[in-house]
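Here are the chains, one letter per residue:
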Amino acid sequence: MANISDKMNEALNKQIGEELESAYIYLGMANWFEERTLVKLADWFDNQAKEEFAHAMKFKTHILERGGKVHYPMLREQKQDWSNIMEILEATLAHEQFITGKISELYELAQEIKEYSTLPLLLWFIEEQVEEEDNAMALIDRYKGYKNDFNFDHHVVREEAQE
Ligand SMILES: [Fe+2]
Ligand SMILES: [Fe+2]
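Chemist: Can you walk me through the overall build of the chain in this structure?
Modeler: Scanning the chain for helices and strands turns up five helices and zero strands. Sequence-ordered secondary structure for the chain, helices as α and strands as β, is α-α-α-α-α. In terms of principal-axis extent, the alpha carbons of the chain reach across some 55 × 25 × 20 Å. Here the analysis covers contacts within the chain between residues at least 6 apart in sequence; of these, 79% occur between residues at least 24 apart.

So, in structure tokens, the structure goes:
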């Protein structure tokens, strides 16, 4: 028997869609870099996509562990073209901030409907979002120091911030 409420189940399910769409966004960005042989950046964004997929799976596991039901929504096509690197980096930060907002809403909902068993998971995501936003901001800051995109690509070091 399900011990997760329908309301929480539905809200977390929606978040699975957000995480998968995040992966979709970053895959498009990775392609943009790959097309321009900015390979390290392509790698950075491919890894980011993998992390987002892992986030979706984390929500999935929680729902199933609590006897809920998972439904994968249809993914919308995402933007796949940008005019320059800065536009992508800023879009990345803005997207992470958007996701942080979504996680905060879930946290508020869990408190409101007394879904205390979901709070630790959401706290994990709150912490994760601090890191995600920080990574995006760090990339923007470092990019500002380079005049040449290839130099930037060559020197971008991915912080191993998995899960
Ligand atoms: Fe995520
Ligand atoms: Fe993220």
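Still to come is the rest of the account.
Chemist: Whenever I open this one, the packing of helix α1 (residues 6-35) against helix α3 (residues 85-112) confuses me. Can you help?
Modeler: When two helices pack together, their arrangement is given by the angle between the helix axes and by the axis-to-axis distance. Where α1 meets α3, the closest approach of the two axes is 11 Å, and the angle between their N-to-C directions is 170 degrees. As summarised for this structure, α1 and α3 are arranged roughly antiparallel, according to the angle between their axes. Contacts from Met8, Ala11, Gln15, Glu18, Ser22, Ile25, Met29 and Trp32 of α1 reach α3 at Ile88, His95, Ile99, Lys102, Leu106, Leu109 and Ala110. Classifying every residue of the contact of α1 with α3 gives ten nonpolar, three polar and two charged.

Chemist: Any chance you could explain the nonpolar core here in plain terms?
Modeler: One broad rule of soluble globular proteins: the nonpolar side chains tend to lie buried together. Ranked by internal contacts, the top residues of the largest apolar core, which has 31 residues, are Tyr26, Met29, Phe33, Phe45 and Leu122. Those elements that place two or more of their residues in this core are α1, α2 (39-65), α3 and α4 (119-144). Per-element tally for this core: the top contributor is α1, with eleven residues. Apart from the residues within four sequence positions on either side, Phe45 is in contact with Tyr26, Met29, Ala30 and Phe33.

Chemist: How do you make sense of α2 when you look at a structure like this?
Modeler: Residues that lie three or four places apart on an α-helix share one face, since the helix turns once every 3.6 residues. Counted at 1.5 Å a residue, the expected span for α2 with its 27 residues is 39 Å, and the 39 Å between its end C-alpha atoms agrees. Structurally, α2 contributes buried residues whose contacts are with α1, α4 and α5 (149-155).

Chemist: I tried to follow α4 on my own but got confused; where do I start?
Modeler: Helix length check: α4, at 26 residues, gives a terminal C-alpha distance of 38 Å against a target of 38 Å (1.5 Å per residue), a fit within 8%. Listed in full, the buried residues belonging to α4 are Leu121, Leu122, Phe125, Glu132, Ala136 and Leu139. Buried-residue contacts for α4 involve α2 and α3.

Chemist: How should unusual backbone geometry be read in this particular structure?
Modeler: Excluding glycine, a negative phi dihedral is what most residues carry, and trans is how most peptide bonds are arranged. Positive phi, normally seen in glycine, also occurs at Thr37, with a value near 50 degrees. Using a count of 10 C-beta atoms within 10 Å as the deciding quantity, one classes Thr37 as exposed.

Chemist: Would you explain the environment of Glu52 in this entry?
Modeler: Secondary-structure assignment places Glu52 in helix α2. For Glu52, the residues in contact, after removing those within four places along its chain, are Glu19, Ser22, Ala23 and Tyr26.

Chemist: Can you help me understand the environment of Leu89 in this one?
Modeler: For Leu89, the position within the fold is in helix α3. Among the residues examined, Leu89 registers 21 C-beta atoms within 10 Å and is labelled buried.

Chemist: Help me out: how do you make sense of the environment of Met8 in this one?
Modeler: Mapping Met8 onto the fold places it in helix α1. Note: C-alpha distance between Met8 and Arg142 (134 residues apart in sequence) is 39 Å. Once you skip the residues sitting within four places of it in the chain, Met8 turns out to touch Ala110, Ile113, Glu115 and Thr118.

Cut-off values and rules
Positions within a chain are numbered from 1, following the residues in the order the chain's sequence is written. Think of it this way: whatever chain is written first is A, whatever ligand is written first is 1, and the rest follow in order. Owing to the predicted nature of the model, reporting of local features is limited to residues with pLDDT of at least 70; listing and counting of side-chain atom pairs is limited to 80 or more, with chain, interface and lining totals taken over all residues. In DSSP terms, a helix is any run of H or I states spanning at least four residues, a strand is any run of E spanning at least two, and both are numbered starting from the N terminus. It is the C-beta atoms, placed from the backbone, that decide contacts: two residues are in contact if theirs lie within 7 Å. What counts as an axis is a line fitted to C-alpha atoms, over the stretch in contact for a helix, and the angles between N-to-C directions run from 0 to 180 degrees. Put simply, angles under 35 degrees are roughly parallel, angles over 145 are roughly antiparallel, angles from 65 to 115 are roughly perpendicular, and the rest are oblique. When residues are sorted by character, Ala, Val, Leu, Ile, Met, Phe, Trp, Tyr, Cys and Pro go into the nonpolar class, Asp, Glu, Lys and Arg into the charged class, and all the rest, Gly among them, into the polar class. Here, a nonpolar core means buried Ala, Val, Leu, Ile, Met, Phe, Trp, Tyr and Cys residues linked by C-beta atoms lying within 7 Å of one another. Buried means a residue has 20 or more other C-beta atoms within 10 Å of its own C-beta, exposed means 12 or fewer, and partly exposed covers the counts in between; C-beta atoms are placed from the backbone. One less than the residue count of a helix, multiplied by 1.5 Å, gives the span that helix is expected to have.

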